[in-house]
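So you can see what is in the structure, the chains are spelled out below.
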Protein chains: 2
Amino acid sequence: MGSLPLDAASLRPLDPVAFAGDSGAVLDFLAEYYRDVDKYPVRAADLEPGRLRKLLPEAAPEHGEPMEDVLEDVRRDILPGLTHWQSPSFFAYFPMNASAAGFAGEMLSAGLNVVPFVWAASPAAAELESVVVDWMGTLLGLPQRLLFSGGGGGVLQGSTCEAVVCTLAAARDRALHRLGHDSIIKLVVYASDQTHVTFQKGARLVGIPPSNFRVIQTTPASGYGLTADAVRAAVDSDVARGLVPLYLCATVGTTGLGAVDHVRELGEEARRHGMWLHVDAAYAGSAAICPEFQGYLDGAELADSVSMNPHKWFLTNADCCCLWVASPGALTSALSTDPEYLKNVGTGGKKPAAIDYKDWQISLSRRFRAIKLWVVLRRYGAVGLRAHVRRHVAAAKWLERTVAADERFEVVVPRKFSLVCFRLRAGFVGDDRVDELNRELLAAVNASGRAFMTHFVVDGKFVIRLAVGGAMTEMRHVMDVWDLLQANADQVLRRYQL
Amino acid sequence: MGSLPLDAASLRPLDPVAFAGDSGAVLDFLAEYYRDVDKYPVRAADLEPGRLRKLLPEAAPEHGEPMEDVLEDVRRDILPGLTHWQSPSFFAYFPMNASAAGFAGEMLSAGLNVVPFVWAASPAAAELESVVVDWMGTLLGLPQRLLFSGGGGGVLQGSTCEAVVCTLAAARDRALHRLGHDSIIKLVVYASDQTHVTFQKGARLVGIPPSNFRVIQTTPASGYGLTADAVRAAVDSDVARGLVPLYLCATVGTTGLGAVDHVRELGEEARRHGMWLHVDAAYAGSAAICPEFQGYLDGAELADSVSMNPHKWFLTNADCCCLWVASPGALTSALSTDPEYLKNVGTGGKKPAAIDYKDWQISLSRRFRAIKLWVVLRRYGAVGLRAHVRRHVAAAKWLERTVAADERFEVVVPRKFSLVCFRLRAGFVGDDRVDELNRELLAAVNASGRAFMTHFVVDGKFVIRLAVGGAMTEMRHVMDVWDLLQANADQVLRRYQL
């Protein structure tokens with residue numbers, strides 16, 4: 001059907017035959033893409049800003065074009081400018097898993113295209129969401145009080161940032177309800193120097209004065225995890241100045257180094273001051289489906305909220321973030337709206353079990369994400385998903401050991417999950433040039449197109465981050481990237497030693 | 001492939017054959033769904049809260065299951081609990097268009113699964129976004145200063161609420177930069193009693209005191225549009241009290257009635273007080289691709305920002321909201337973050353034209369929405385999309401005329417786009433019972449399963465809203481719903497006249 005000219009006047013946008021034609025063409029395109037993705041340079045080959053704009057027309061076409069032409073342009077103009085997140089040799093940032101099941105779930109979500117914002121707008125979609133977040137919470141070993149079955153509850157949002165904004169707003173409004181809105185300038189939030197920047201962005205969004213963000217330093221002694229002692233010192237000093245401790249963000253698996261904050265200890269500290277404790281397990285939460293990693297969430301029963309992203313390392317195509325809260329009422333008090341045009345009229349009045357998810361998130365409208373996560377869980381099962389996580393952890397473990405055994409390299413922090421942080425040691429060049437050396441190594445590896453990884457800076461040291469976790473990444477890809485690192489290290493070191 | 005047992009240990013989540021099998025099964029499922037969607041009750045047939053939870057297991061399965069079983073469960077357990085937003089007889093809220101092209105675009109987005117949050121993370125995705133928002137802005141006749149080509153620029157977000165939060169934060173931080181953060185409690189925002197509740201939710205989220213939201217009354221005299229005179233009176237009174245006017249939200253096509261605020265007049269008023277003017281054209285923005293509707297956006301050159309949702313009436317599956325701003329710097333000042341792990345290292349330094357879209361929105365991570373909107377524009381062309389809009393406007397015009405010609409009914413406000421607001425007149429029953437009568441009519445129509453519409457209340461009157469705009473909705477469906485309304489009106493009136 002793609003090649004038939006479209007008659008605008010009789011445009012039938014969901015004609016089943018046209019639908020099957022266009023979608024079938026894309027399916028073939030994607031199957032071919034997955035077959036060949038390891039042949040593309042992992043990081044976009046063409047990094048010239050403005051390149052694509054020059055290739056495309058100035059304006060949208062007047063007349064519709066065949067799907068084949070559109071796909072041909074994707075192949076020719078767009079693919080060379082993409083960084084291939086699904087490449088098995090993508091080790092940058094954190095993974096963003098696609099999978100056959102995640103994609104099938106996304107197709108169902110986009111195809112049914114329902115909007116479960118109020119309960120009556122699609123009851124089964126809202127209920128599937130409440131079931132699937134309970135399933136996920138149980139898999140992660142979360143305490144009952146964060147699940148619907150225990151009086152708490154969960155929601156699927158688009159990102160950790162949204163989850164952080166919503167919980168910050170809940171904590172803020174709970175405090176301001178008591179103190180009055182003028183006190184917004186007294187509210188203080190706490191996190192570590194390893195906490196994701198999304199937290200500061202969120203705090204700023206909800207109106208916390210930037211001067212009231214406490215960034216507490218971590219040290220190698222705690223593996224760059226935030227400790228209660230450090231929090232207590234900061235809180236005591238703020239309280240003495242008449243400020244109000246509001247919110248503490250603990251991270252399980254930080255973005256820079258994969259560090260873990262001590263949840264129980266921080267939870268006790270937060271309780272002492274009536275602070276909201278949020279646990280951000282965006283990346284490492286996926287590992288907690290394996291019993292051997294659940295210990296990192298010990299103390300979660302002291303948390304007001306926990307979040308993790310199935311779209312990272314859990315085979316759920318973007319986007320999908322699980323947020324669980326102990327007190328749904330605190331969340332919905334801050335986020336609810338009840339205009340006339342959304343009242344569930346005609347349903348015989350809203351029943352108590354009916355959830356209006358618009359009151360659990362920033363936006364009113366929302367996608368049917370629950371069906372995506374549900375298809376992933378159904379299709380792969382807990383056993384399959386644990387195998388997925390363990391395969392990457394095993395590969396990362398191998399890499400860590402191998403890096404440590406090479407005298408040119410050092411592992412910067414002990415690996416906990418599937419992120420390995422390492423660098424070329426000082427000693428080969430002067431201390432002052434070792435960062436430069438590592439920057440060059442990383443740039444050379446990325447420029448090769450055969451792998452893509454990113455960096456971090458801790459204690460002033462430039463560190464290479466290698467995050468294993470791609471949907472297609474197997475042991476052999478990690479072995480290949482090690483060969484690549486060694487070869488490039490040889491070359492870079494040779495240049496420096498001349 | 002769906003029926004093959006999955007071996008967890010060798011799980012290959014993007015194996016091209018498994019991918020084709022799972023996705024193909026979903027494609028068949030959806031093609032069948034579109035063929036049959038008009039046979040389902042439009043509003044969920046089963047409105048018993050808790051029904052689905054009872055049908056599903058308590059926990060995620062241990063072992064993976066075949067795709068066929070999953071789809072069978074969707075058919076049996078989930079479809080009966082959905083409200084069918086793609087039904088041609090869905091006239092509730094506003095439409096949420098799916099289309100073959102929108103779906104194909106969503107498949108590309110979900111399948112490639114790249115994350116264009118910083119430029120290097122997928123340059124072509126960021127650039128396609130900047131091109132496609134310029135294309136859209138041009139189609140809508142927006143002023144150059146809101147386009148990249150004119151020094152402004154646009155971004156694709158998930159919803160109007162996100163767009164409103166981001167622009168409120170930009171306006172707030174611009175003001176607080178001058179006044180100091182303590183002045184947050186002096187900032188005042190303005191909108192009408194017809195403005196979407198998302199605006200109040202957004203203002204509350206960014207920390208504006210709820211007592212500083214001005215809800216300005218509209219009247220039938222202005223067609224329920226907000227007038228500059230009314231705004232001026234409110235602003236003058238606030239300024240006299242030492243408050244700071246911050247942000248004015250104008251709407252083109254309100255949710256309740258499809259009313260239009262006078263953008264130029266409000267823009268001039270906003271400028272007088274240094275307020276940020278946002279134009280929310282979430283629904284009616286789509287109509288502005290037709291020259292005959294562009295007049296409603298006259299004065300947009302006075303706006304600081306404009307937003308509209310292609311996911312409503314523009315054949316772009318959820319989610320997709322275009323936000324244009326005149327000053328990208330104001331937006332990114334409020335929303336930017338620059339942690340070490342996101343620095344575009346290895347690209348030879350960031351070029352000036354490279355956009356980090358994370359600084360244009362709430363979240364850091366984001367989906368490749370641009371390819372979806374681009375496929376829609378390519379596949380249908382401006383001519384096809386105008387035909388789509390005009391078909392619905394013509395049907396709504398017919399309905400409005402037909403309702404007005406029936407002496408039992410009255411049109412409550414003149415239709416501007418494709419939303420018709422009407423009700424059974426008082427006169428058949430006492431004035432005190434006319435709302436009840438209309439409630440019963442709406443409930444009866446919705447309970448029939450043959451159409452779904454929602455209501456609004458204006459000047460204390462209960463009004464039935466009928467929004468034409470579904471991707472499959474044709475003239476005959478609007479004629480059918482009129483038959484249905486008449487038949488139910490007969491019955492309801494007979495009951496009342498007994």
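Please read all numbers here as calculations on a predicted model, not as lab measurements.

1. Remarks on the overall build of chain A
The helix and strand inventory of chain A stands at 14 helices and eleven strands. In terms of overall dimensions, chain A is globule-like: its C-alpha atoms have a radius of gyration of 25 Å, near the 23 Å expected for 498 residues. For chain A, the spread of C-alpha atoms along the three principal axes comes to 80 × 75 × 45 Å. Across the 498 residues in chain A, those meeting the buried criterion constitute 68%. With an accessible surface of roughly 15,300 Å², chain A has 51% of that area assigned to carbon and sulfur atoms. Considering chain A, the positive charge centre built from 51 side chains and the negative charge centre built from 56 side chains are found 4 Å apart.

2. Observations regarding unusual backbone geometry
Put simply, Ala318(A) and Asp319(A) share a cis peptide bond, and its omega is -5°. With respect to the helices, strands and loops of the structure, Asp319(A) is situated in the loop between helix H10 (310-313) and strand E7 (321-325). The backbone phi angle of Asn113(B) is positive, close to 50°, even though this residue is not glycine. Relative to the assigned elements, Asn113(B) resides in the loop between helix H4 (100-112) and helix H5 (123-139). You can call Asn113(B) buried: its relative accessible area is 1%. At Leu315(B), a residue that is not glycine, the phi angle is positive and equals roughly 60°. With respect to the helices and strands, the residue Leu315(B) is situated in the loop between helix H10 (310-313) and strand E7 (321-325).

3. Comments concerning the environment of Phe462(A)
All names here are of chain A. Positionally, Phe462 belongs in strand E11 (residues 461-467). Phe462 sits in the buried class, given a relative accessible area of 1%. Sequence separation between Phe462 and Tyr296 is 166 residues, and the spatial gap between their C-alpha atoms is 27 Å.

4. Observations regarding the sheet that holds strand E3 (residues 213-216) of chain B
Residues and elements named next belong to chain B. With mixed pairing, seven strands are arranged side by side in an open sheet as E1-E7-E6-E5-E4-E2-E3. Of all strands in the sheet, those with a lone pairing partner are strand E1 (153-157) and E3, marking the two edges. Each adjacent strand pair in this sheet contributes to an overall mean axis angle of 20°, direction not counted. Pairing between strand E5 (residues 276-280) and strand E6 (residues 305-308): three bridges, direction parallel. Its bridge partner being in E6, His278 is matched across the sheet by Ser305.

5. A look at the domain arrangement of chain A
Residues and elements named next belong to chain A. Split into domains, chain A comes out as domain 1 (103-378) and domain 2 (381-496). The C-alpha centroid of domain 2 is placed 31 Å from the C-alpha centroid of domain 1. Contacts between the two partners involve 28 residues from domain 1, matched on the other side by 22 residues from domain 2. Looking only at domain 1, the three residues that lose the most surface to domain 2 are Leu257, Trp313 and Leu315, adding up to 28% of its buried area. There are one salt bridge connecting domain 1 and domain 2.

6. Observations concerning the environment of Pro95(B)
Summarising the element assignment, Pro95(B) is placed in the loop between helix H3 (67-78) and H4. Contacts of Pro95(B), omitting those with residues within four sequence positions, involve His311(B), Lys312(B), Trp313(B), Ala467(B), Val468(B), Gly469(B) and Gly470(B).

What counts as what
Residues numbered from 1 in each chain as written. Chains lettered and ligands numbered in written order. Predicted model: local features only at pLDDT ≥ 70, side-chain atom pairs only at ≥ 80, totals over all residues. Heavy atoms only, no water. Helix = DSSP H or I, 4+ residues; strand = E, 2+ residues; numbered from the N terminus. Rg over C-alpha atoms; globule rule 2.2 N^0.38 Å. Buried < 20%, exposed > 50% of the residue type's maximum accessible area, 1.4 Å probe, protein only. Areas by Shrake-Rupley, 256 points an atom, 1.4 Å probe, with all protein chains shown as cover. Lys, Arg positive; Asp, Glu negative; His and termini not counted. Charge placed at Lys NZ, Arg CZ, Asp CG, Glu CD. Pairing = 2+ DSSP bridges. Axes fitted to C-alpha atoms, helices over the stretch in contact; angles between N-to-C directions. Domains from an automatic or database assignment. Contact = heavy atoms within 4.5 Å. Buried area = accessible area lost by both parts, 1.4 Å probe. Salt bridge = Lys/Arg side-chain N within 4 Å of Asp/Glu carboxyl O.

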